[in-house]
Each structure stands twice: as C-alpha cells, then as structure tokens.
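As a plain string of letters, each chain reads:
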Amino acid sequence: MDIEAVECNGNGIKFFQLKFFRDIRRFINVVKTLLRWNVHCKRQLEYTESLMLANVKTPYKKFFVDLGNCVGSNDRIWTLAMNTELDHEVHTPMVLLHGYASALAFWMLNLDTFAAERPIYAVDLLGFGKSSRPSFSETPQEIEDQYVAFLEEWRKVMKLDKMILLAHSFGGWIACLYALRYPERVQHLILADPWGLDTAPCLSTHSFMKRFFLKVFTRTPPLNVIRAFGPFAATVFRNVRTDVVGKFESVMPDRHKRAISEYIYHCNSNKTTGERAFHSLLENGPWPKFPLAARMTELHSDIPLTFVYGEQSWIDSTPGYIIKLSRPNSYTHIEVVDGAGHKVFSDDELTFNSIVLKACKILKSNNVQ
C-alpha cells in the first residue's frame, strides 16, 4: 500500500495519509462522470470550435454579447467578428445566422471569402451553441417575438445601423421575421435554403408508417435519438450523417476530423431550449404551423431579396418563386445550386460564396429591378 507522510500546519506533528484512499475517490469521480450518459463539456465545445475555425485565415475575435433580460435572465450571445475596423457606412456589415441544431463554426468555409469585402458577424442563435439557453414560450407567435427581440437587442448592443442578413434554414425563418419587423435595418436579405416558408403537405396521401414518423418528428426532437447513445453519440452521428460532416472533414487534418461530430454533439448536449422552441413551431413533421410565405409578400419593397436553394435539398423552392411573383417591382433573385443539398453553403461553397458576393453588391441604395 502506497503511504506518504505529510507535515501538518507546521506544528511538527506528522500524520500518515493513505494515498490509496485518494485514488479510490478519484476513481469514484471518474465512474460518476461515465454514468452521466450525456455529458456536456464547455471546454470540449470551445476546443472543437477552435479546431474548425483554425482553417479561417482572416483574423477574428470571439466574445459574448450581453443582452440582459431579453428572453431569459442575463441572456448572452456568442459572437464572432471580423474586420470590425472597416467603416460601416462604406462597407455594410454582414450578419450570419445558422440553422437548427447548428452553430457559428459551420460557416468555416465561407468566412474568409465574405470578410474580404466587409465586416462580418456570426452568432450562435439564442438557445443553441454557446449562447444562453433560456426557456422559450410554447406559443408560436410568442416564440417569433422572442427571436426577433433577441436579434434586435444584439444589433443595438453591437451598434449596427444597417445589416446584410445571410441566414440558413431556421436562421432564415428568424431573418424573415426580423426583416418584416425592422425593414429599416436590413440592406439585403439573403436566404440559404430557408425553413418556415412553405405549408405542410396533406398527410392523407402518405402511408401509415410515413404519417407515424412525421408525427413522431413533430413531437420528439430528432437529436434525442442521437443523444440516446450518450458518450458514443458523436461517433454514431459521424457514421450516420456523412452528408453533414463529410465536406467539413475533407478540409480538416486527419488528426482533427472527429472534431466536427464532437462539435455537433457538445453544441446539442446542453439544455435543449432552442430545440424545444423549434418543435413548438412544427405541424405534421418538419413544416411550420404558421408558414411565412404569405407574410413575406408584405416585405418592404425596397429590400433586395435573394434565395439560394440546393438542387437536392428537402426544402421546397416553390415559396421563393411565389414570393418573387408577389414583388414585381422589387429585386428578388433566385439561385439553385446544382448537386447541393440542404447545407448549400458547404456542399458547394465556391458557387455559394460567389452568389453571395454578387448579392451583396445589390443594396437598397442601388436596388436593380
């Protein structure tokens, strides 16, 4: 048995402390950690985020933006900023909003290209990533108000007068709501495969099994299935969703390829308040109870609007064309990227980046019909 002598408080009295028992306590603590099936680790989240952003060449800063009592108590938004020294009057800042169950590091393939021309800000949405996880309302209309309020409060703190909003999927839903509420703040609205515009299809034509799975999806966050694997969840996700991690892994060093799935896991192993808010908006599967397509016809006429869809995405591009027809005197442009899926911004980042750069040249001041 390993025994060590310890001097006690300088009084010359020695006692024997059994190192064996300290080792036992450490072992018990390790077992307790392993028995916690889902372990969220802030350090691991920060580490994997830094590995993903190691590919970004443009200098950047990361910090929390305090919003006060916006939705919850002392809400904080994790923010990445680039080229903030540029004159905002000359170079309109671009703000990037990620999609459901995602976070800001997933823009890793786009940031350098965008930052070459203007200030860039990317955030972790409230309820996701490293941002605060407040308890949202369960009422869709109130959830809409809460997400608009978070983005507006963030804008005020950051002192951005005008923004180009680039948003993907669920972030596109937030960006649409914000542009409808605060059109004077939006210089161009760029929607990448936006969620929340289209109406749920009639389920009566589907098989019983498909209707069953759509109902389950509506009531149960799909990431619950991944989280059920606990400490093995990242490995399972990496093998099951190669369509999500594949493109990012292709640009990572071999020793860091697992960082992508680990990042996703630790982004989504924390309190699931953002997920629950999203699922409060659903009806009949992944479609919204209150689709935005009809409301988007009310978008201020001088706001340029660009849609970027993936050709193979599950998101229907039809609402984009309907909205374009409803704005005959406004700039509305639609691009479909060949071969790209829902993550159009990473499936073909070169084409996507080019489309976005061209869109950024169209602002309210030079709106081209």
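Attention in this report is confined to the structure presented alongside it. Note that the structure is a prediction, hence the values are computed from the model and not measured.

### Digging into helix α10 (residues 259-267)
Part 1 of the argument: The buried fraction of α10 is high, at 9 of 9 residues.
Part 2 of the argument: All buried positions along α10 are accounted for by Ala259, Ile260, Ser261, Glu262, Tyr263, Ile264, Tyr265, His266 and Cys267.
Part 3 of the argument: Here the buried face of α10 lies against α2 (42-53), α8 (233-240) and α9 (242-249).

### Some remarks on the packing of aromatic side chains
Part 1 of the argument: One pass over the structure, following the stated rule, counts 19 aromatic pairs.
Part 2 of the argument: Between Tyr147 and Phe150, the aromatic rings sit 6.1 Å apart at their centres with planes inclined by 80°, giving edge-to-face as the arrangement. A residue pair is termed a helical-turn pair when its members lie 3 or 4 positions apart in one helix, as Tyr147 and Phe150 do in helix α4 (residues 140-158) at 3 residues.
Part 3 of the argument: Note on Tyr147: relative accessible area 0%, which makes it buried.
Part 4 of the argument: Here Phe150 falls in the buried class, since its relative accessible area comes to 0%.
Part 5 of the argument: Each ring, one from Phe170 and one from Trp173, has its centre 5.3 Å from the other, and the planes form 10°; the classification is stacked. Remark: Trp173 and Phe170 occur in helix α5 (residues 170-181); sequence separation between them is 3 residues, near one turn of the helix.
Part 6 of the argument: Members of the aromatic cluster, joined through ring pairs, are Tyr100, Phe128, Phe136, Tyr147, Phe150, Phe170, Trp173, Trp195 and Phe278.
Part 7 of the argument: Between the NZ or CZ atom of Arg76 and the centre of the ring of Phe64, over which it lies, the distance is 4.1 Å.
Part 8 of the argument: Positioned above the aromatic ring of Phe106, the side-chain terminus of Lys343 is 5.6 Å from the ring centre.

### Brief notes about the sheet that holds strand β3 (residues 61-68)
Part 1 of the argument: Taken in spatial order, the 8 strands of this open sheet run β3-β4-β6-β5-β7-β8-β11-β12, and their pairing is mixed. Only two strands of the sheet have a single partner each, and these edge strands are β3 and β12 (332-337). Put simply, the sheet's adjacent strands are angled 20° from each other on average, direction ignored.
Part 2 of the argument: The sheet contact formed by strand β5 (residues 94-97) and strand β7 (residues 163-168) spans 4 bridges and is parallel. The residue of β7 that forms the bridge with Val95 is Leu165.
Part 3 of the argument: Where α4 meets the sheet, it contacts β3, β4 (75-82), β5, β6 (120-123) and β7, and its direction lies at approximately 115° from that of β3.

### Focus: the pattern of salt bridges
Part 1 of the argument: Going through the model one piece at a time under the given rule, you end up with 12 salt bridges.
Part 2 of the argument: One salt bridge connects Glu117 with Lys361, and the closest N-O pair in it is separated by 3.9 Å. Linking Glu117 in the loop between α3 (111-115) and β6 with Lys361 in the segment after α15 (349-360), this pair joins segments that are 244 residues apart in sequence.
Part 3 of the argument: For Glu117, a relative accessible area of 29% translates into the label partly exposed.
Part 4 of the argument: Lys156 serves as the salt-bridge partner of Glu153, at 3.6 Å between the closest nitrogen and oxygen.

### Considerations on the packing of α9 against α10
Part 1 of the argument: Following both chains from N to C, one finds α9 and α10 inclined at 130°, their axes separated by 9 Å at the closest point. The angle between α9 and α10 places the two elements in the oblique class. Residues Val244, Val245, Phe248 and Glu249 of α9 form the contact with α10, whose own contacting residues are Ile260, Ser261 and Ile264.

Rules used in this analysis
- Residues numbered from 1 in each chain as written.
- Predicted model: local features only at pLDDT ≥ 70, side-chain atom pairs only at ≥ 80, totals over all residues.
- Heavy atoms only, no water.
- Buried < 20%, exposed > 50% of the residue type's maximum accessible area, 1.4 Å probe, protein only.
- Helix = DSSP H or I, 4+ residues; strand = E, 2+ residues; numbered from the N terminus.
- Contact = heavy atoms within 4.5 Å.
- Phe/Tyr/Trp six-rings, centres within 6.5 Å; stacked < 30°, edge-to-face > 60°.
- Lys NZ or Arg CZ within 6 Å of the ring centre and 35° of its normal.
- Pairing = 2+ DSSP bridges.
- Axes fitted to C-alpha atoms, helices over the stretch in contact; angles between N-to-C directions.
- Salt bridge = Lys/Arg side-chain N within 4 Å of Asp/Glu carboxyl O.
- Parallel < 35°, antiparallel > 145°, perpendicular 65-115°, else oblique.

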